[in-house]
Amino acid sequence: MTGLEVRGLRAGYGGSVVLHGIDLRVGEGEIVALVGANGAGKSTLVKALSGLIEAQAGEVVFDGEPLSRLSPRERVLRGIVHVPEGRQVFSGLTIAENLRLGAWSQRRRLDARALEERMARVCARFPVLLERLQQPAGTLSGGQQQMLAIARGLMAEPRLLLLDEPSLGLAPLLVMEIFRLVEGLRAQGLSILLSEQNARLSLGIADRAYVIETGRVALEGRGAELLGKPEVAERYLGVGKAVSAAGSERYGELTKRLGAALGGGSS
Ligand code: ATP
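As the structure is a computational prediction, the values presented were derived from the model and not from experiment.

Within strand 3 (residues 31-35), five of the five residues are buried, leaving the element largely enclosed by the surrounding structure. Going residue by residue along strand 3, you find I31, A33 and V35 tucked away on one face and V32 and L34 tucked away on the opposite face as well. Strand direction decides the pairing type here: strand 3 and strand 8 (residues 191-196), joined by five bridges, are parallel. Looking at strand 8, one finds that L34 is bridged to S195. Bridge count for strand 3 against strand 9 (residues 208-213) is four bridges, and the pairing is parallel. Looking at strand 9, one finds that A33 is bridged to A209.

What follows is the structure, given as structure tokens:
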């Protein structure tokens, strides 16, 4: 079959096991969301797929080819590209230099002209980057840096994009922009595995989704179907009235305690 197929994937760090046998599939042109609490293992899964950490057991197959023995670079050459959590742009390098690095694994196949053409094509989606190509990446806002991280990933011309927490820490308008961008990429035929804490939005655009709990798939289904499940709503869509009221009470209480601890009190 085409696309990504994961069977019984076990992975972790050193002697510790974080993923306890994950089964998952990303078909061609699908957005598949990974939803789960902090520490559930979403980033670990994404890293095991891009080859940044080694699988301890199980199989990862892309377009019928087993990936387990392939290095991250070899996986990029097959079209699997990881946009890491926290953006990780090179802040001292210019935006153009960051983008060129995205195509580094293909440098032998691309002459300077082809590279510039590719950059122009990618930047057509990101006017904010196009205007600032010679600016150090560190001068960009958080949202712009996230755009750059995605654009850098697109420079490798992926077939499967692994997006780890692209909306983390961004203002709501930028979050919407990122999600619209992700939908636009799917419309172009790209497959996307989207690891996100914003479950409402990611399930909203996902064709299918997996809920990860302590390194296991707890639920799977169509995005819209999972959005409607009470157990998902309760655990992962906790932005409803009841939860936010409780949250703000807790926040108020914390501010009071902090004020008291600092000796000024708080009213
Ligand atoms: P988050 O959204 O907070 O990143 P996550 O679902 O992506 O959550 P992971 O980052 O995959 O979760 O973490 C899963 C578990 O692996 C956690 O218990 C975490 O402490 C552990 N872990 C993550 N990175 C490392 C590391 N480099 N070395 C050791 N343990 C790690």
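What follows concerns the site of the ligand. Lining the immediate surroundings of the ligand are Y13, V18, G36, N38, G39, A40, G41, K42, S43, T44 and Q197. Examining the composition of the shell around the ligand, we find that three residues originate from one element, helix 1 (residues 42-50), more than from any other. Residues belonging to the shell around the ligand are distributed by class as follows: three nonpolar, seven polar and one charged.

Okay, the sheet that holds strand 6 (residues 80-83) next. What the six strands build is an open sheet, ordered 6-7-8-3-9-10; its pairing is mixed. The open sheet terminates on both sides in strands that have one partner only, identified here as strand 6 and strand 10 (216-222). Averaged over all adjacent pairs, the angle separating strand axes in this sheet is 15 degrees, with direction ignored. Contacts between helix 1 and the sheet are confined to strand 3, strand 6, strand 7 (160-164), strand 8 and strand 9, with strand 7 contributing the most and set at about 150 degrees to the helix. Against the sheet, helix 7 (residues 172-187) touches strand 3, strand 7 and strand 8, its axis set at about 160 degrees to strand 8.

Moving on: the confidence of the model for the protein. Mean pLDDT over the protein: 86, with 88% of residues reaching 70 or higher. Across the protein, the secondary-structure element scoring lowest on mean pLDDT is helix 11 (residues 241-261), at 37, and the one scoring highest is strand 1 (residues 4-13), at 97. Per-residue pLDDT stays below 50 along residues 239-267; that stretch engages in ten contacts with residues further than four places along the chain or on separate chains.

Okay, the nonpolar core next. Membership of the largest hydrophobic core comes to 68 residues, with the highest contact counts inside it found for A151, L162, L193 and L194. Top element by residues in this core is helix 6 (residues 142-154). It accounts for six residues. Ignoring anything within four residues of it in the chain, the contact list for A151 reads L99, V122, C123, F126 and L129.

On to the environment of G102, then. Looking at the secondary structure, you find G102 in helix 3 (residues 95-102). For G102, a count of 25 C-beta atoms within 10 Å translates into the label buried. Taking the C-alpha atoms as reference points, G102 and M155, separated by 53 residues in sequence, lie 5.1 Å from one another.

Our next topic: the sheet that holds strand 1. The strand order 2-1-4-5 describes an open sheet built from four strands, whose pairing is antiparallel. The open sheet has two edge strands, strand 2 (16-26) and strand 5 (65-66), and neither has a second partner. Lying over the sheet, helix 1 contacts strand 1, strand 2 and strand 4 (55-62), oriented at roughly 70 degrees with respect to strand 2.

Turning our attention to the pairing of strand 2. Bridge count for strand 1 against strand 2 is eight bridges, and the pairing is antiparallel. Its bridge partner being in strand 2, R10 is matched across the sheet by H20. Linking strand 1 back to strand 2 in an antiparallel pair, the connection comprises two residues, with G14 at a positive phi of about 55 degrees.

Okay, unusual backbone geometry next. For D63, which is not a glycine, the phi torsion comes out positive at approximately 50 degrees. Along the chain, the position of D63 falls in the loop between strand 4 and strand 5.

Cut-offs applied
- Residues numbered from 1 in each chain as written.
- Predicted model: local features only at pLDDT ≥ 70, side-chain atom pairs only at ≥ 80, totals over all residues.
- Buried ≥ 20, exposed ≤ 12 C-beta atoms within 10 Å, placed from the backbone.
- Helix = DSSP H or I, 4+ residues; strand = E, 2+ residues; numbered from the N terminus.
- Pairing = 2+ DSSP bridges.
- Near = placed C-beta within 6 Å.
- Nonpolar A, V, L, I, M, F, W, Y, C, P; charged D, E, K, R; others polar.
- Axes fitted to C-alpha atoms, helices over the stretch in contact; angles between N-to-C directions.
- Contact = placed C-beta atoms within 7 Å.
- pLDDT = per-residue confidence, 0-100.
- Core = buried A, V, L, I, M, F, W, Y, C linked by C-beta atoms within 7 Å.

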